[in-house]
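# Architecture at a glance
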Amino acid sequence: MLEQLKQEVCKANQGLVDHDLVTFTWGNVSGFDPETELLAIKPSGVPYEELSPADIVLVDLKGNVVEGDLKPSSDTPTHIELYKAFPGVRGIVHTHSDWGTAWAQAGKSIPCSGTTQADYFYGDIPCTRQLTKEEVQNGYEKETGTVIIEAMQGKNPVEVPGIVVHGHAPFAWGGSPEDALHNAVVLEKVAKMTFLSYQLSGELPLDDYVLQKHYERKHGENAYYGQSK
Ligand SMILES: O=C(CO)[C@@H](O)[C@H](O)COP(=O)(O)O
């Protein structure tokens, strides 16, 4: 089970490059196994093209490395906090993708202005507050999880599978490393589309009813998109 998870995590990390979500090693993907309560995560600073499943590090929820010769991603504490807070999440992606990072640096949530976003996010993509100096001193990566969890209060991580961290960059998550990668690609795409549509005509939020109907195309018991029965 854990070997398969390491393979999935390795493939998803390499998918960051395939989808043009990273520069150098500016991103990481992890996966979580609820039975062992271990997460498999990219090793820190290792180029994606050199990555193999054997390099993927296994870490417990206290941050202890339980398997692997390499140091885990520097963002591991953030992934840990999110797995603890979002029980159904099995994959997490962090990138510094251009358009999502632009919204993060601007400190702006990405409003749901079209059906593309509505297909995956039931509404806006939130932006967190900035970390305080004390939080940075306490541990930047762990406290990044704190501000994400705070911003997600009252929101369902299934309906809102991603966020932008003010002053930092995006995080996305899902039911598997592959699903989290999919949501990270969608976040980056809609970040660009929304910015461009704002340039053309200003803020145009999508009608709530249209939003709901589009979200339900791919989610919930009445979903009908694709070949699902
Ligand atoms: O803060 C950043 C980029 O500036 C991080 O996202 C790292 O670049 C990813 O680090 P590792 O996962 O390689 O430790």
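Everything discussed here concerns the structure shown above.
This structure is a prediction, so every number in the text was calculated from the model and none was measured.

Scoring rules and cut-offs
Residues numbered from 1 in each chain as written. Predicted model: local features only at pLDDT ≥ 70, side-chain atom pairs only at ≥ 80, totals over all residues. Heavy atoms only, no water. Helix = DSSP H or I, 4+ residues; strand = E, 2+ residues; numbered from the N terminus. Rg over C-alpha atoms; globule rule 2.2 N^0.38 Å. Buried < 20%, exposed > 50% of the residue type's maximum accessible area, 1.4 Å probe, protein only. Contact = heavy atoms within 4.5 Å. Areas by Shrake-Rupley, 256 points an atom, 1.4 Å probe, with all protein chains shown as cover. Lys, Arg positive; Asp, Glu negative; His and termini not counted. Charge placed at Lys NZ, Arg CZ, Asp CG, Glu CD. Pairing = 2+ DSSP bridges. Axes fitted to C-alpha atoms, helices over the stretch in contact; angles between N-to-C directions. Expected span 1.5 Å × (residues − 1). 1 Å grid on protein atoms, 1.4 Å probe; cavity = no way out; pocket = protein on both sides within 12 Å on 5 of 7 lines; lining within 4 Å. Points joined across faces, edges and corners; volume = space filled by probe spheres on them. Nonpolar A, V, L, I, M, F, W, Y, C, P; charged D, E, K, R; others polar. Near = heavy atom within 4 Å. Polar contact = N/O pair within 3.5 Å; in protein donor to acceptor, adjacent residues only side chain to side chain.

Moving on, we come to the overall build of the protein. Across its full length, the protein holds seven helices and seven strands. Going from N to C terminus, the protein has its helices and strands arranged as α-β-β-β-β-α-β-α-α-α-β-β-α-α. Its C-alpha radius of gyration of 17 Å places the protein within 12% of the 17 Å reference for a compact globule of 229 residues. Taking the principal axes of its C-alpha atoms as reference, the protein extends roughly 50 × 50 × 35 Å. Buried positions account for 47% of the 229 residues belonging to the protein. In the protein, the share of contacts with a sequence separation of at least 24, taken over all contacts with a separation of at least 6, comes to 63%. Here the protein has roughly 11500 Å² of accessible surface; of this, 50% comes from carbon and sulfur atoms. Taking the average location of the 18 positive side-chain charges in the protein and that of its 32 negative ones, the two points are 3 Å from each other.

As a further point, take the sheet that holds strand β5 (residues 91–95). The strand order across the open sheet formed by seven strands is β4-β3-β2-β1-β5-β7-β6, and the pairing between neighbours is antiparallel. Looking along the sheet, the strands with just one partner apiece sit at the ends: β4 (65–67) and β6 (162–164). Going from strand to strand, the sheet's axes swing by 25° on average, the running direction of each strand aside. Direction of pairing for strand β2 (residues 38–41) relative to strand β3 (residues 57–60): antiparallel, over a ladder of four bridges. Each bridged residue has a counterpart across the sheet, and for Leu-39 the counterpart in β3 is Val-59.

Turning to helix α6 (residues 177–201), a few remarks are in order. Taking 1.5 Å per residue, 25 residues should reach 36 Å; α6 reaches 36 Å between its end C-alpha atoms and fits that length. Directly after α6, the chain includes Gly-202, whose backbone phi takes a positive value near 80°.

Positionally, Val-160 belongs in the loop between α5 (133–151) and β6. Separated by 14 residues in the primary sequence, Val-160 and Gly-174 place their C-alpha atoms 9.6 Å from one another.

This brings us to empty space enclosed by the protein. Here the structure, examined in full by the defined rule, presents one cavity of 30 Å³ or more. If you add up the space inside the largest cavity, you get close to 40 Å³. Forming the boundary of the largest cavity are Leu-21, Val-93, Thr-95, Ser-97, Pro-170, Phe-171, Ala-172, Ala-184 and Leu-187. For the lining of the largest cavity, the secondary-structure elements that each account for two or more residues are β5, β7 (170–174) and α6. In terms of residue count, the dominant contributor to the lining of the largest cavity is β7 (three residues). In terms of residue class, the lining of the largest cavity is built from seven nonpolar, two polar and no charged.

Next up on the list: helix α1 (residues 2–18). End to end, α1 covers 24 Å across 17 residues, agreeing with the expected 24 Å (1.5 Å per residue, within 8%). For α1, the secondary structure elements touched by its buried residues are β1 (27–33), β2, β3, β4, β5 and α6.

Lining the immediate surroundings of the ligand are Thr-25, Trp-26, Gly-27, Asn-28, Lys-42, Ser-44, Gly-45, Ser-73, Ser-74, Asp-75, His-94 and His-96. At 3.3 Å, a backbone N or O of Thr-25 approaches an oxygen atom of the ligand. Between the ligand and His-94, the relevant distance is 3.3 Å, taken from an oxygen atom to a side-chain nitrogen or oxygen of the residue. For the ligand, the accessible surface in isolation is 380 Å², of which the surrounding protein chains cover 79%. Classifying every residue of the shell around the ligand by side-chain character gives one nonpolar, nine polar and two charged.

This next bit is on the pairing of β7. Burial runs high along β7: five of the five residues are buried. Neither face of β7 is exposed, since Pro-170, Ala-172 and Gly-174 on one face and Phe-171 and Trp-173 on the opposite face are all buried. Alignment of β5 against β7, held across four bridges, turns out to be antiparallel. Within the sheet, the bridge partner assigned to Val-93 lies in β7 and is Ala-172.

Coordinates in, geometry out; function isn't part of it.
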